[in-house]
Amino acid sequence: MARPLFTQKMLKLLLMLILCVVTAVAATSRADLLSSECLEVPSSEFVDTVKTTIGAVQKVASIISPFVNAGFGDLRLSNAISNCLDLLDLSVDQLSWSVSAIKNPKGKDNSTGDMSSDLRTWLSAAFVNQDTCTEGFEGTNSIVKGLVAGSLSQVTSLVKQLLYMVHPASQIHGRNLRNKGEFPRWVKHEDRKLLQANGVAVDVIVAADGSGNFTKVQDAVLAAPDYSMRRYVIYIKRGVYKEYVEIKKKKWNLMMIGDGMDATIISGNRNFVDGWPTFHTATFAVSGRGFIARDITFENTAGPEKHQAVALRSDSDLSVFFRCGMRGYQDTLYTHTMRQFYRECRISGTVDFLFGDGTVVFQNCQILARKGLPNQKNTITAQGRKDSNQPTGFSIQFCNISADSDLLALVNSTATYLGRPWKEYSRTIIMKSYMSNAVRPEGWLEWNENLHLDTLFYGEYMNYGAGAGLGSRVKWPGYHVFNESGQANNFTVAQFIEGNLWLPSTGVRYSAGLEV
């Protein structure tokens, strides 16, 4: 008798093989569909260009690396070299996330569910890093500075090219998530409402008096897991912690809870005058994705005479700061890159004290101008958007913009402005906020005569208070008064930082639109 062509077992294996192939093809098709909807070019071209760019970044790093230990007896130069290598390393990560998201749209690197927003955020950050690296060499050996700037030009050009390959507005499933106010599939139920809960379960305790697991905040950070997909909570008891804290890129989803912005204080005094590049003057710096802080103050006590002195720097994508203080003078808060949200915070300073090139919303915050150097003008914002295709900018909503206690008696003799255009496409919008008489009638200040006045984008919508009058505002081509809610809606939490996709998981209070 002839044997059957296929046994039952063989037939079952064959069917399983066919099913695997079909599933793989379908998954590939879905990935191709998602990527094609957010890219202007085929995904293969985009991925190849990203890989070329990563290679260019690594080449620059190899050129700079030999100078690390050279020193040249110049602290500022040594810090600038170290600073640049850190930034290039961040760029490699941000570019790598972009490749991963295209290849696996459902993977952990597609962090909000809106691929277009993710890609544009990460590419914009990689774009900014080159400028920050070059700026760090200000006041150093011109030969090394020239070598670095020349080496970075190709990287900047490639990243700019990549930015233009991504659609400005998402066409993929993330748009639907935004409209429904849902949150992405990776959000865990236990992460919700952490910011509002009083009895949060903590992983470790920091206490200066020795009653916790650590006496220093940085030690607790180093002990936290790398690339954690669950929330890791560090409770910092009341006290002044005089140390420099850096949460590096591997530390994902950390949360720090203090005992109140007047009780738990992390304090430092690094500054530009003493030899630190602005990027590394930060008392507290965070790069790890998904960082949350609650009830803590970050301060830099260097004083106005030391010029750039950052209290808090964030490169943390999808980061939240709730009921936190940022206290300094020049360059207090450096929102360097990525999507960030600040709610019910108190931020004080003198010159450009909210600056950087992140995509940032400030909601229900106190923004307080301080007394600076004699005859010095105060500028609240210096937003650093360099290219019109970047998604970045500052949106200030429902805030109180006033003079701090040390400036109250001097508001008539100290000019305070809402902002000035640090880079060509600087973008800042202030909506439904109170402005005291500390704000000058002109509202905004030039950076350097007519520089960037045509290309900047500054907007105001339904602000109130003695400093909110529009009659004497600047007449620049890039300045806009929004008369309709439709214009202002583009800069709300839901639209500007895709807040409905990721803020619900944090539990922070927020207004998605134009109403409180």
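Note that the structure is a prediction, hence the values are computed from the model and not measured.

Draft legend 1. Molecular detail of helix α5 (residues 142-163). Between the first and last C-alpha of α5 there are 30 Å, a value that for 22 residues agrees with the 32 Å anticipated at 1.5 Å per step. For α5, the full list of buried residues reads Val144, Val148, Ser151, Leu152, Val155, Thr156, Leu158, Val159, Leu162 and Leu163. Looking at the packing, one finds that the buried side of α5 touches α2 (43-64), α3 (75-103) and α4 (115-135).

Draft legend 2. How the structure looks around the nonpolar core. Among the nonpolar cores identified, the biggest contains 54 residues, and Phe46, Ile64, Leu88, Leu95, Leu119, Phe137 and Val148 are the most heavily contacted of them. Where this core is concerned, the elements lending two or more residues are α2, α3, α4 and α5. The leading source of residues in this core is α3, at 13 residues. Here this core spans two domains, since at least three of its residues come from each of domain 1 (30-165) and domain 2 (204-506). Residue contacts for leucine 88: discarding those within four places in its chain leaves Val57, Val60, Ala61, Ile64, Gln130 and Leu152. Listed in part, the 52 residues of the second largest apolar core include Ile234, Tyr241, Val439 and Val474.

Draft legend 3. View of α4. Between its terminal C-alpha atoms α4 stretches 31 Å, which fits the 30 Å expected from 21 residues at 1.5 Å a residue. Of all the 21 residues making up α4, 19 are buried; the element is thus mostly covered by neighbouring parts of the structure.

Draft legend 4. Summary view of the pattern of salt bridges. Overall, the coordinates contain 24 salt bridges when judged by the stated rule. In this structure, the salt-bridge partner of aspartate 226 is lysine 251, at a minimum N-O distance of 2.8 Å. With a gap of 25 residues between them, aspartate 226 in the loop between α7 (217-223) and β2 (232-236) and lysine 251 in the loop between β4 (245-247) and β5 (254-257) connect regions that are remote in the sequence. A relative accessible area of 41% places aspartate 226 in the partly exposed class. Given a relative accessible area of 10%, lysine 251 falls into the buried group.

Draft legend 5. Fine view of the sheet that holds strand β21 (residues 400-403). The sheet built from 8 strands is open, its strands ordered β3-β6-β9-β12-β15-β18-β21-β24 with parallel pairing. Across the chains shown, the open sheet's two edge strands, defined by having one partner strand only, are β3 (239-242) and β24 (434-435). Direction of pairing for β3 relative to strand β6 (residues 264-268): parallel, over a ladder of 4 bridges. If you follow lysine 242 over to β6, its bridge partner there is serine 267.

Draft legend 6. Examining the confidence of the model for the chain more closely. Averaged over all residues, the pLDDT of the chain equals 88, while 86% of them reach at least 70. This stretch, residues 170-189, has a pLDDT under 50; its non-local contacts, to residues over four places away or in other chains, come to 45 contacts.

Draft legend 7. Summary view of the sheet that holds strand β22 (residues 416-419). Here we have 7 strands laid out as an open sheet, ordered β4-β7-β10-β13-β16-β19-β22, and parallel in their pairing. Edge positions in the sheet fall to β4 and β22, since each has one partner strand and no second. Two elements, strand β7 (residues 284-286) and strand β10 (residues 312-314), share 3 bridges in a ladder whose sense is parallel. From the neighbouring strand, valine 286 faces β10, where its bridge partner is serine 314.

Draft legend 8. Highlighting the packing of α4 against α5. It is the contact of α4 with α5, at a shortest axis distance of 9 Å, that shows an interaxial angle of 165 degrees. Judged on the interaxial angle alone, α5 and α4 are roughly antiparallel. Of the two possible hands of crossing, α4 and α5 adopt the one that is left-handed. Here Arg120, Leu123, Ser124, Ala126, Phe127, Gln130, Cys133 and Thr134 of α4 lie close against α5, whose contacting residues are Lys145, Val148, Ala149, Leu152, Val155, Thr156, Val159, Lys160, Leu162 and Leu163. For the contact of α4 with α5, the per-class residue count stands at 11 nonpolar, 4 polar and 3 charged.

The rules behind these values
Residues numbered from 1 in each chain as written. Predicted model: local features only at pLDDT ≥ 70, side-chain atom pairs only at ≥ 80, totals over all residues. Heavy atoms only, no water. Helix = DSSP H or I, 4+ residues; strand = E, 2+ residues; numbered from the N terminus. Expected span 1.5 Å × (residues − 1). Buried < 20%, exposed > 50% of the residue type's maximum accessible area, 1.4 Å probe, protein only. Contact = heavy atoms within 4.5 Å. Core = buried A, V, L, I, M, F, W, Y, C linked by side-chain atoms within 4.5 Å. Domains from an automatic or database assignment. Salt bridge = Lys/Arg side-chain N within 4 Å of Asp/Glu carboxyl O. Pairing = 2+ DSSP bridges. pLDDT = per-residue confidence, 0-100. Axes fitted to C-alpha atoms, helices over the stretch in contact; angles between N-to-C directions. Parallel < 35°, antiparallel > 145°, perpendicular 65-115°, else oblique. Left-handed = near helix turned anticlockwise from the far one by under 90°. Nonpolar A, V, L, I, M, F, W, Y, C, P; charged D, E, K, R; others polar.

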